[in-house]
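Observations on the model geometry
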Amino acid sequence: MPEGHTLHRLARLHQRRYGRAPVAVSSPQGRFAADVVDGRVLRRTSAWGKHLFHHYDGGPIVHVHLGLYGAFTEWERPDGAPLPEAVGQVRMRMVGDGYGTDLRGPTVCEVIDEGQVSDVLARLGPDPLRSDADPAWAWSRISKSRRPIGALLMDQTVIAGVGNVYRNELLFRHRIDPFRPGRAMGEAEFDAAWTDLVALMKVGLRRGKIVVVLPEHDHGPPSYRPGRPRTYVYRRAGEACRVCGGPVRTEVLEGRNVFWCPACQK
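Along every chain, residues carry numbers that run from 1 in the direction the sequence is written. Reporting of local features is limited, given that this is a predicted model, to residues whose pLDDT is at least 70; pairs of side-chain atoms are given and counted only at 80 or more, and all residues count toward the totals for whole chains, interfaces and linings. The basis for the side-chain values is all heavy atoms of the structure; hydrogens and waters are excluded.

Operational definition: UniProt positions are given in the numbering used here, feature names are shortened, and annotations may be inferred rather than shown by experiment.
As named in an unreviewed UniProt entry, the protein is Endonuclease 8 1, taken from Mycobacterium paraense. The annotation that UniProt attaches to the protein under Catalytic activity (unreviewed entry) is "2'-deoxyribonucleotide-(2'-deoxyribose 5'-phosphate)-2'-deoxyribonucleotide-DNA = a 3'-end 2'-deoxyribonucleotide-(2,3-dehydro-2,3-deoxyribose 5'-phosphate)-DNA + a 5'-end 5'-phospho-2'-deoxyribonucleoside-DNA + H(+)". Among the UniProt annotations of the protein, the heading Sequence similarities (unreviewed entry) holds the following wording: "Belongs to the FPG family."

**Some remarks on the pattern of salt bridges**
To keep it simple, the criterion reads: Only one rule defines a salt bridge in this text: a Lys or Arg side-chain nitrogen within 4 Å of an Asp or Glu carboxyl oxygen. Exposure classes here rest on a 1.4 Å probe applied to the protein chains alone. A residue is buried below 20% of its type maximum, exposed above 50%, and partly exposed in between.
One pass over the full model with this rule turns up 12 salt bridges. Between R130 and D132 there is a salt bridge; the shortest N-O distance is 3.1 Å. By relative accessible area, D132 is classed as partly exposed at 43%. Its salt-bridge partner being E251, residue R249 comes within 2.9 Å of it at the nearest N-O pair. Residue classification places E251 among the partly exposed positions, given a relative accessible area of 33%. The network of salt bridges with shared partners includes R93, D102 and R104.

Structure follows, in structure tokens:
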């Protein structure tokens, strides 16, 4: 599932390519009410956590949540060139001046209004990539909870935009056991982790990839996937910790695999 920085990058890209101009919107799959926004001017785009919003003139807003399988495919369209054939189950196609994008497999792709946007946001915690984020809201939830901190970080009602990579890597960087109850975390620990999370997600937003390993630890076995930066623990179960050399472990925590180094994260 894409993490929060990916949605912010998409919001910026779509604003740059389609903003302040009429956009041709269709649904080759036929499962999206494209006619409501087709031909309207895209005023602005925004993102909160893993939710993307396209705000059109006249009020309608397209709300997208990519979920586990959703993805946008971006393509260029030279002047006068015919539109490429829609391949696969394209839920939404946007065509602007020189560019197009196809959306496949999202969990949510719907037209809503401002009131419904407010309803979506009311269910979300602060987004570390937003300037209006209030970490005190997240701390108030974490400091009162018996749930493991590793589960709380993935709870979008606590902090919006954190996925499994950032969750595991942040906890390792701060030497926090993922199974420690939230209320056993100190406020200074939380403040340091939040500050680090903001910085890491800004790097992800800027570079388009998650970079979490410090230069002095950027050695040894390659990444869990070709072309990805190294991680400390994510998807490295059974491998040697990049810091202490001990084995990285994994267990299922509230339905998702959590990775940690028992020696470093006591």
